Amino acid sequence: MKKYLLLLLFTTQCLFAANKDTLQLPPVFKALPLWESVADDCDACGCSASGGSMGFASMLNNNFVGIRYFYQSYQSNDGLYTNSPWHDETFNTVQIWSRIPLTKKIQVSALLPFHFHHRETAAGKQNISGIGDATVLGLYEIYQTTNDSAQFHHKIQLGAGLKIPLGKFDEANNGSVNPSYQLGTGSWDYMLTADYVIKRNRFGLNTMINYNFKTENQKNYRFGNQTNYAATFFYFHETSTFSIVPQLGLAGEIYESNYQYSQKVRNTAGNIVMSKIGFEVGKNKLSLGANAMLPIHQNLNAGRVEAKYRWSVNLNYAL
C-alpha cells in the first residue's frame, strides 16, 4: 500500500508541476481478475480529450502505469456556401496513464496528455502542440459477486473525477468551425460515472455511462456538458505463456451547446454513435492494447464537423 500511495503522490506532483497558460506478480496474467472498467470519456474532437473514447483502464491489469497514443481524424466545413470545401483535421495525443488501488474497494486513475494537432483552413495549415488537461478519476465498488460458484458474476462501480486545466486555451480559436481545436478547455471540469460488468465464464459485457460538467474559463467561454455511454462485449482467453482479451462494442457521445459570455454559441451541440473493436494481450508484467472506432451515426456542430475514425495503442507495465 505504501508504494501505491507514493506513486499516487508522485503522479499528482507531476500533474501540478506541468506548465499551463490559463490557470512481483504471477508469470502470466491468468491470476489477475478481469474486472476493470472500460469507461469512456472524451470531449469532441480533441481540445481536452482525456481518454479519446478509448477508456480509463486496462482489461488485464488491476494496477499499472503506461503510455498510450491515440489518433482522431475529422473534416470540417464552414458552411458559408453550398460548395464550401471540407478541410482535414487530425488530433494526436500521447498520454501517460496509471491505475492505482488505494483500498480494496477504491481505485484511482490519473492521466496526463500531450497533444499535437494539425488542420487545414482556407488561410493555410495550422499546428498546435503542448500539454493537455490532466484528469484524476476515483471509482468505488458498491457491489461484486463473491460466490465463485455463481452462474453470473456482477460488479458495480460508481465514481467521480476532476479535470485540471493545464492545457493552453486559445481564445482566437473560438470562432472557428471546430471550437474544440484547443489544447485544453481552460476550465475546471467535473464528472460522475457509473459502470456495470456482468460476466459468465470467459465471456462478459461491460456497460457504462458518465456525465461531464463543464465550467466557464477565464476567457468567459464554457464548453457544453457532455454525456458518454458504451457497451462492450469481451472474451478472456489465456494460454501457458500469455493472455488475450478481444473486445467488440458500441460507444456514444452527446454534446450540449457551448456558451460565451453566458450566451449560447450556435452550431456547437451534437452527438455521435461509434462501433468499437480492439484487443489487449499480456505476458509477464507487460501488456499491449489496441482499439479502433468508426462512426455509425453522427451530427456534430450542425453537420459542419464530420468524424472519420479513431484508433489507439497502449503499452502498460503492471505494478
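I will try to describe carefully the structure that is included in this document. Remember, predicted model here, so these are calculated numbers, not experimental data.

**Concerning the environment of Leu-139**
Position of Leu-139 relative to the elements: it lies in strand E5 (residues 134–144). Once the C-alpha coordinates of Leu-139 and Gln-157 are considered, the two residues, 18 residues apart in sequence, prove to be 6.2 Å apart.

**A look at the sheet that holds strand E9 (residues 221–222)**
Strands sit in the order E9-E13-E14 across an open sheet of three strands; the sheet is antiparallel. Edge positions in the sheet fall to E9 and strand E14 (263–264), since each of these pairs with one other strand and no more. Across two bridges, the pairing between E9 and strand E13 (residues 259–260) is antiparallel. Pairing of Arg-222 across the sheet is with Tyr-259, part of E13.

**Points about the packing of aromatic side chains**
A full pass over the atoms with the stated rule returns 12 aromatic pairs. Both rings, one in Phe-169 and one in Phe-223, keep their centres 6.2 Å apart while their planes meet at 90 degrees; by these two values the pair is edge-to-face. One end of the pair, Phe-169, is in the loop between strand E6 (153–164) and strand E7 (189–200); the other, Phe-223, is in the loop between E9 and strand E10 (226–235), and 54 residues separate them in sequence. There is no split in this pair, since Phe-169 and Phe-223 are both buried. A connected cluster of aromatic rings, assembled from ring pairs, spans Tyr-69, Tyr-71, Tyr-309 and Trp-311.

**Considerations on the side chain of Asn-77**
In this structure, Asn-77 sits in the loop between strand E1 (64–76) and strand E2 (87–101). A polar contact of 2.8 Å, which involves the side chain of Asn-77, links it to the backbone oxygen of Ser-84. Setting aside its immediate chain neighbours within four residues, Asn-77 contacts Ser-84, Pro-85, Trp-86, Val-177 and Arg-304.

**Side note on the nonpolar core**
Residues Tyr-74, Ile-272, Leu-300, Val-305 and Ala-307 are the most contacted members of the largest nonpolar core, which totals 16 residues. Met-59, Leu-60, Phe-234 and Phe-236 belong to the second largest nonpolar core, which has six residues in total.

**A look at the pairing of strand E3 (residues 106–121)**
Bridge count between E2 and E3: 13 bridges; the pairing is antiparallel. When the bridges of E3 are listed, Val-94 appears paired with Phe-114. Counting the residues in the hairpin turn of E2 and E3 gives four residues. In this sheet, E5 lies alongside E3 in antiparallel orientation, the contact comprising six bridges. By the bridge assignment, Leu-111 is partnered in E5 with Thr-135.

**So, a nonpolar patch on the surface**
Together, Val-65, Ile-67, Ile-96, Leu-286, Leu-288, Leu-315 and Tyr-317 give the surface a local cluster of nonpolar side chains, amounting to about 600 Å² of exposed area. When contributions to the nonpolar patch are tallied by element, the ones reaching two or more residues are E1, strand E16 (286–300) and strand E17 (305–318). Look at Val-65 and you get partly exposed, because its relative accessible area is 31%.

**Considerations on the pattern of salt bridges**
Counted by the stated rule, this structure contains eight salt bridges. Linking Asp-189 and Lys-163 is a salt bridge whose minimum nitrogen-to-oxygen distance equals 3.1 Å. With Asp-189 in strand E7 and Lys-163 in strand E6, this residue pair connects regions lying 26 residues apart in the sequence. Summarising the burial analysis for this pair, Asp-189 and Lys-163 share the class buried. With a shortest N-O distance of 3.4 Å, Glu-238 and Arg-202 are connected by a salt bridge. Of this pair, Glu-238 sits in strand E11 (residues 237–238) while Arg-202 sits in the loop between E7 and strand E8 (203–213), and the two are 36 residues apart along the sequence. What makes Arg-202 partly exposed here is its relative accessible area of 32%. Taken together, the shared-partner salt bridges connect Lys-105, Glu-141 and Lys-155 into one network.

**Thoughts on unusual backbone geometry**
Among all residues save glycine, negative phi is the norm, and among peptide bonds the norm is trans. Backbone geometry at Asn-301 places phi at a positive 50 degrees, although glycine is not the residue there. With respect to the element layout, Asn-301 can be found in the loop between E16 and E17. Under the relative-accessibility criterion, Asn-301 is labelled buried at 7%. Even without glycine at this site, Ala-302 takes up a positive phi of about 55 degrees. Among the structural elements, Ala-302 can be located in the loop between E16 and E17.

What counts, and at which threshold
- Residues numbered from 1 in each chain as written.
- Predicted model: local features only at pLDDT ≥ 70, side-chain atom pairs only at ≥ 80, totals over all residues.
- Heavy atoms only, no water.
- Helix = DSSP H or I, 4+ residues; strand = E, 2+ residues; numbered from the N terminus.
- Pairing = 2+ DSSP bridges.
- Phe/Tyr/Trp six-rings, centres within 6.5 Å; stacked < 30°, edge-to-face > 60°.
- Buried < 20%, exposed > 50% of the residue type's maximum accessible area, 1.4 Å probe, protein only.
- Polar contact = N/O pair within 3.5 Å; in protein donor to acceptor, adjacent residues only side chain to side chain.
- Contact = heavy atoms within 4.5 Å.
- Core = buried A, V, L, I, M, F, W, Y, C linked by side-chain atoms within 4.5 Å.
- Patch = residues over 30% accessible without salt bridge, like charges linked within 9 Å, V, L, I, M, F, W, Y side chains within 5 Å.
- Areas by Shrake-Rupley, 256 points an atom, 1.4 Å probe, with all protein chains shown as cover.
- Salt bridge = Lys/Arg side-chain N within 4 Å of Asp/Glu carboxyl O.

All quantities given are derived from atomic positions and should not be read as evidence of function.
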